[in-house]
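Commentary on secondary and tertiary structure
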Amino acid sequence: MSAGASNPEYVNARVRSRRASLFADEDYRKLVRMGPSEIARFMEETEYEREINALGARFSGVDLIEYALNRNLAKHFQDLLDWSEGRLYDHIARYLRKFDVWNLKTIFRGIYTDTDAEEIRTDLIRAGELEDATIERLLETDSIEDAIEFLRATSYYEPLTVAYEEFEDHGALVPLENALDREFYENLLADISRGPGVEPQEGPEAKYVEFLQAEIDFRNVRNALRLARSGADLDPAAYYIDGGVLFDRADLGRLVGDYDALVDHIAENKRYGDRLSGALERLRDADSLIQFEHALDAALLEYADTLSSIYPTSVSAVLSYILAKEREVENIRAIARGREVGLDETEIEEELVIL
């Protein structure tokens, strides 16, 4: 753990400046009318200038956009660590391990679908703690079993080994992906000396707990909905992640088949119902799983923003910025990929998460 006092006021001031430079809704409306080369030129006139210029000689089109997005994202999150001290540094560093989980999921999916390593590499975000050499070795593996074995020295090895048996039985990646999520979130909560599901008290660290509980709640909803519609012979309740406050396993298994009942359950919870009125309306209006998932993402963004305004000296403002930056990158990527495959503007807009 880092020694010394935290410096949230300084870091949050820097974060507010970075937040102001994020793309606005109007920028996305411009981008959906552009092709990949035009999008890259547009990015060159923004804070992505350095990455576009540095990578432009090696890549073009969507590849250039994706590499620039991921490099920029990693740079911004490294800046957060460089600015931070003490307990704040520890909270941010541990939260950024979510990108180790992202990268491992991406590599597993690539191996599962026999995707070329270079194509997998474009989707990786080097913002976690796994070393580049480790990631490159994982990209060279030919099987998921070999990739798991290579992770023997990490905390992910044991849960992945257990989940691999179920993966072999069902042929679906869900057990492996859930094992990664569960290890990440439950370790985060354990790290701050609170058991899963414990209601936070007042204070800056309590807002960190509250944010993590919300992210776990919405992750449980998303995972359960995907499972329920996958056709796989898997019980959504079996993939429940401990630590949230909105559901228990029985709730999740009961609600995944009924959007309306699920939204009502979220709205009836005082913590979410009082702070997410706009997001809840978007959830009610969603007429497909992808729209519902995007509405969940928007709800988490709105909730994080609310927490950061309630307690501005907590880590919540930093976490809110991390989510917002992720969303910018994913929106730009969705637009570029959509244009590349010939989607029309309406179809692309449906892929975006906009508050």
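The structure we're discussing is the one just above.
Read on for a plain summary of the structure. All values derive from a computational prediction rather than experimental measurement. (Residues numbered from 1 in each chain as written. Predicted model: local features only at pLDDT ≥ 70, side-chain atom pairs only at ≥ 80, totals over all residues. Heavy atoms only, no water.)

This part is about unusual backbone geometry. Peptide bonds are, in most cases, trans, and in most cases residues other than glycine have a negative phi. One non-glycine residue, Asp114, lies in positive phi territory at about 55°. With respect to the helices and strands, Asp114 occurs in the loop between α7 (98-112) and α8 (117-121). (Helix = DSSP H or I, 4+ residues; strand = E, 2+ residues; numbered from the N terminus.)

Counted by the stated rule, this structure contains 12 aromatic pairs. Consider the rings of Phe23 and Phe42, whose centres lie 5.8 Å apart with planes at 75°: the pair is edge-to-face. Taken together, the residues span a long stretch of sequence, with Phe23 in the loop between α1 (8-20) and α2 (25-31) and Phe42 in helix α3 (residues 36-44) at a distance of 19 residues. By relative accessible area, Phe42 is classed as buried at 19%. Look at Tyr95 and Phe211: their rings are 5.7 Å apart centre to centre, the planes differ by 65°, and that puts the pair in the edge-to-face class. Taken together, the residues Tyr95 in helix α6 (residues 86-95) and Phe211 in helix α13 (residues 204-230) connect sequence positions 116 residues apart. On the basis of relative accessibility, which here comes to 0%, the residue Phe211 falls in the buried class. (Phe/Tyr/Trp six-rings, centres within 6.5 Å; stacked < 30°, edge-to-face > 60°. Buried < 20%, exposed > 50% of the residue type's maximum accessible area, 1.4 Å probe, protein only.)

Time to look at the pattern of salt bridges. If you walk through the whole model with that rule in mind, you get 27 salt bridges. A salt bridge links Arg121 to Glu118, with the nearest nitrogen and oxygen atoms 2.6 Å apart. Placement of both Arg121 and Glu118 in helix α8 is noted, with a separation of three residues, approximately one turn of the helix. Residue Glu118 is classed as partly exposed on the basis of its relative accessible area, which comes to 36%. For Arg337, the salt bridge goes to Asp123, with nearest N and O atoms at 2.3 Å. A residue pair is termed long-range when its members are at least 10 positions apart, and Arg337 in helix α19 (residues 316-340) and Asp123 in the loop between α8 and α9 (132-139) qualify at 214 residues. Taking relative accessible area as the criterion, Arg337 reaches 34% and is therefore assigned partly exposed. A single salt-bridge network, built from bridges that share partners, covers Glu118, Arg121, Arg126, Asp132 and Glu136. (Salt bridge = Lys/Arg side-chain N within 4 Å of Asp/Glu carboxyl O.)

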